[in-house]
Amino acid sequence: MRSPLIRSFSQLDSLDPGLPVVTLFSGGLDSSYLLLRLRRMGIREVHAVSVDIGEDESSGYKRQVAEALGATIHILHRRAEFAEKYVAPAIAAQAVYLGIHPVSSTLSRPLIAHSAVELARALGAQAVLHTANRSQNTLRRLNGALTLLGYEGVFGSPYDLDPVTRDDKLAELRDAGIDLLAGRIVSGDSNLWCREFESGILDDPELHEVPEEMYTWSRPTALPGDTDTLTVTFEQGRPVALDGEPLPLTGLIDRLNRRVGAYGLGRYSGLEHLDDGEKVLEIREMPAAWLLLSGYRHIESACLDAELIREKRHLEQVWTREALEGRWFGELRLATQVFIDACAARTTGSVTWRLRSGGADTRSITVGAPLYLRDREAWEERSISAESAPFAPAAAPVLATV
């Protein structure tokens, strides 16, 4: 019985040229080169899947490249699903990698894998291929999701054991009439929640400088001394309104990315581990995440007992670890989600922030059933009175008058 896992280009020789193949297609160099290799192999029906969750690459550009390489392009619009089923749970789970940066591409991989499997099953495809390499955490996340989804065909990345140099990929694509991406200096990944950069000029953690033009959302546009006051409302753990205006989560995130990012907020840099413990540098900009995660914790602190929050903080890292390691559809992540959802059901309120250059301050934390005090002195008097009541001397009896 052959292994279901594709790890090299030589394994692609076992594919049947007459059966469909599904590839995950970002429009980048690696995914374009894979289409070229499949065309050269004589695979007659290649379906390139692009899942639209708010990435930088345009659908028109992807369609042009895929069709030039003989593939049928499928652009699946999943922004709302990504926000509601993946980002919202991550906000409630306070999904931050070891206290360094909020998780981002971790959330998109299971949705992308699930979308590809749905299409592959509908087409009767023999394989689902992607292009992650072994220095990318995407490799274990996509393979893990495809395994847990129980996809019946073969799947994996031929780049795992068969890396191809950037220059060779560019040269072969040029020879085929596709001239693209030659000027890129980093590898990027983007969605409505995050823009992320790695590799290229960012390979070396000991010497890296991010060109300012790479940032889009967090490029400061506010003038010195400018401020902006905004209020975010949560209902049962979900962000639902900005400044009192109800918004879908996609719209709320988009507005916050612009308003918070205008003050240069929401940039992250940090190391993330690979399968064997080695670590790679990743740079992110996530202005909306910066504010929403902090705001959520403020509301949660106002609504939930401290001991409950302490236990939740432990389970948050369990949740985050399972998602990071490619086990989004696994039992442990799903079990911790039940606990987190129970806490979220009681997390309702609003936070008002004052944004300023380089930072933000809370101005109001308001919940309907608060655990916080609004008048400490009055509370002390009530507390002392209640505690002292059992020991107060009995009142003298009142004598009846005749």
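Residues numbered from 1 in each chain as written. Predicted model: local features only at pLDDT ≥ 70, side-chain atom pairs only at ≥ 80, totals over all residues. Heavy atoms only, no water.

**Brief notes about the overall build of the protein chain**
Scanning the protein chain for helices and strands turns up 11 helices and 17 strands. With the C-alpha coordinates aligned to their principal axes, the bounding extent of the protein chain is approximately 115 × 55 × 40 Å. Split into buried and exposed, the 402 residues of the protein chain put 51% on the buried side. For the protein chain, restricting intrachain contacts to residue pairs at least 6 apart in sequence, the fraction spanning at least 24 positions comes to 73%. Element-wise, carbon and sulfur atoms account for 52% of the exposed surface of the protein chain, whose accessible area totals about 19,300 Å². (Helix = DSSP H or I, 4+ residues; strand = E, 2+ residues; numbered from the N terminus. Buried < 20%, exposed > 50% of the residue type's maximum accessible area, 1.4 Å probe, protein only. Contact = heavy atoms within 4.5 Å. Areas by Shrake-Rupley, 256 points an atom, 1.4 Å probe, with all protein chains shown as cover.)

**Brief notes about the UniProt feature "domain: Arginosuccinate synthase C-terminal" (unreviewed entry) in the protein chain**
The feature "domain: Arginosuccinate synthase C-terminal" (unreviewed entry), as annotated in UniProt, sits at residues 187-372 in this numbering. Segment residues 187-372 splits into 34% helix and 31% strand. End C-alpha atoms: 46 Å apart. (UniProt positions renumbered as here; feature names shortened; annotations may be inferred.)

**Some remarks on the pairing of strand E9 (residues 187-191)**
Across five bridges, the pairing between E9 and strand E10 (residues 194-198) is antiparallel. Its bridge partner being in E10, Ser190 is matched across the sheet by Arg195. Hairpin geometry of E9 and E10 is characterised by an intervening segment of two residues between the two adjacent antiparallel strands. (Pairing = 2+ DSSP bridges.)

**Concerning the packing of helix H4 (residues 105-123) against helix H5 (residues 138-148)**
Direction vectors running N to C along H4 and H5 enclose 40°, while the axes themselves pass 9 Å from each other. What the angle tells us is that H4 and H5 run oblique. In the packing of H4 onto H5, the handedness of the crossing is right-handed. Across the interface between the two elements, Ser105, Thr106, Arg109, Pro110, Ala113 and Val117 of H4 pack against Thr138, Arg141, Leu142, Ala145 and Leu146 of H5. Of the residues contributing to the contact of H4 with H5, the split by class is six nonpolar, three polar and two charged. (Axes fitted to C-alpha atoms, helices over the stretch in contact; angles between N-to-C directions. Parallel < 35°, antiparallel > 145°, perpendicular 65-115°, else oblique. Left-handed = near helix turned anticlockwise from the far one by under 90°. Nonpolar A, V, L, I, M, F, W, Y, C, P; charged D, E, K, R; others polar.)

**A word on the sheet that holds strand E14 (residues 267-273)**
The strand order E9-E10-E15-E14 describes an open sheet built from four strands, whose pairing is antiparallel. Of all the strands in the sheet, just E9 and E14 have a single pairing partner and so form its edges. Taking each pair of neighbouring strands and ignoring which way they run, the sheet shows an average axis angle of 25°. Sheet analysis places E10 next to strand E15 (residues 279-285), joined by three bridges and oriented antiparallel. Bridge pairing in E15 places Arg195 opposite Glu285.

**A few points about the UniProt feature "domain: Arginosuccinate synthase-like N-terminal" (unreviewed entry) in the protein chain**
UniProt's feature table lists "domain: Arginosuccinate synthase-like N-terminal" (unreviewed entry) at residues 21-137, given in the numbering used throughout. From the first C-alpha to the last, residues 21-137 spans 23 Å; its make-up is 48% helix and 21% strand.

**Considering the packing of helix H3 (residues 79-92) against helix H8 (residues 287-303)**
Put simply, H3 and H8 touch, their axes get as near as 9 Å, and they point 50° apart. It follows from the interaxial angle that H3 and H8 lie oblique. Where H3 approaches H8, its residues Ala90, Ile91 and Ala92 are matched on the opposing element by Leu292, Leu293, Tyr296 and Glu300. For the contact of H3 with H8, a count of residues per class yields six nonpolar, no polar and one charged.

**Details of a negative patch on the surface**
Together, Asp375, Glu377, Glu380 and Glu381 make up a negatively charged patch on the protein surface. Looking at where Glu380 falls in the secondary structure, it is placed in helix H11 (residues 376-388). (Patch = residues over 30% accessible without salt bridge, like charges linked within 9 Å, V, L, I, M, F, W, Y side chains within 5 Å. Salt bridge = Lys/Arg side-chain N within 4 Å of Asp/Glu carboxyl O. Lys, Arg positive; Asp, Glu negative; His and termini not counted. Charge placed at Lys NZ, Arg CZ, Asp CG, Glu CD.)

**So, the nonpolar core**
If you look at the biggest cluster of nonpolar residues, it comprises 76 residues, and the most contacted ones within it are Phe82, Leu107, Trp193, Leu256, Leu292, Trp319 and Leu355. With nine residues, the single largest contributor to this core is H8. Counting residues in hydrophobic clusters, the runner-up holds 29 residues, among them Phe9, Leu29, Ala66 and Ile73. (Core = buried A, V, L, I, M, F, W, Y, C linked by side-chain atoms within 4.5 Å.)

**Observations regarding the environment of Gly153**
For Gly153, the position within the fold is in the loop between H5 and strand E8 (154-156). The spacing of Gly153 and Arg140 is 13 residues in sequence and 18 Å in space, taken between C-alpha atoms. For Gly153, the residues in contact, after removing those within four places along its chain, are Pro4 and Gln126.

**Concerning the state of the cysteines**
All told, the structure shown has zero disulfides when counted by the stated rule. In this model Cys343 remains outside any disulfide bridge; the closest cysteine sulfur is found in Cys303, 11 Å from its own. (Disulfide = S-S within 2.5 Å.)

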